[in-house]
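A structural walkthrough
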Amino acid sequence: MNGEISIRPSKDIRTNYAEISALAHRNPVAITVNGREDTVLLSHSDFMEQQRTIDELRDRLAIYT
């Protein structure tokens, strides 16, 4: 994940899923509804990496509480 975010309309999920999926493997994709950001999609590996980071930070924080 490189920190950039792509923005795509919600209709693209229905009509261009493969393209959205490929894009989400490169960087998060913000899905818009009526022109407003509504949902963010990211690859499963990026999601799991974020979860591991959260768990590690939670474990570190537990030392101080």
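1. Some thoughts on the overall build of the protein
Helix and strand content of the protein: 3 helices and 3 strands. Secondary structure elements of the protein occur, N-terminal to C-terminal, as β-α-α-β-β-α. Taken over C-alpha atoms, the radius of gyration comes to 15 Å for the protein, far larger than the 11 Å a tight globule of 65 residues would show. The C-alpha extent of the protein, read off along each of the three principal axes, is 50 × 20 × 20 Å.

2. A closer look at the pairing of strand S1 (residues 6-9)
What you see with S1 is a clean split: Ser6 and Arg8 sit on the buried side and Ile7 and Pro9 on the side with no burial. Strand direction decides the pairing type here: S1 and strand S2 (residues 29-33), joined by 4 bridges, are parallel. Note that in S2 the partner of isoleucine 7 across the bridge is alanine 30.

3. A look at unusual backbone geometry
One non-glycine residue with positive phi stands out, namely asparagine 34, at about 55°. Examined against the element boundaries, asparagine 34 turns out to sit in the loop between S2 and strand S3 (36-41).

4. A few points about a nonpolar patch on the surface
Among the surface-exposed residues, Leu61, Ile63 and Tyr64 lie close enough to one another that they form a single nonpolar patch of about 420 Å² accessible area. Among the structural elements, isoleucine 63 can be located in helix H3 (residues 44-63).

5. Here's the deal with the sheet that holds S2
One open sheet holds the 3 strands; their spatial order is S1-S2-S3, and the pairing between them is mixed. The outermost strands of the open sheet, each flanked by one partner alone, are S1 and S3. For this sheet, the mean inter-axis angle between neighbouring strands, taken without regard to orientation, is 35°. Pairing geometry for S2 and S3, over 5 bridges, is antiparallel. In the strand pairing of S3, isoleucine 31 is matched with threonine 39.

Definitions and limits used
Residues numbered from 1 in each chain as written. Predicted model: local features only at pLDDT ≥ 70, side-chain atom pairs only at ≥ 80, totals over all residues. Heavy atoms only, no water. Helix = DSSP H or I, 4+ residues; strand = E, 2+ residues; numbered from the N terminus. Rg over C-alpha atoms; globule rule 2.2 N^0.38 Å. Buried < 20%, exposed > 50% of the residue type's maximum accessible area, 1.4 Å probe, protein only. Pairing = 2+ DSSP bridges. Patch = residues over 30% accessible without salt bridge, like charges linked within 9 Å, V, L, I, M, F, W, Y side chains within 5 Å. Areas by Shrake-Rupley, 256 points an atom, 1.4 Å probe, with all protein chains shown as cover. Salt bridge = Lys/Arg side-chain N within 4 Å of Asp/Glu carboxyl O. Axes fitted to C-alpha atoms, helices over the stretch in contact; angles between N-to-C directions.

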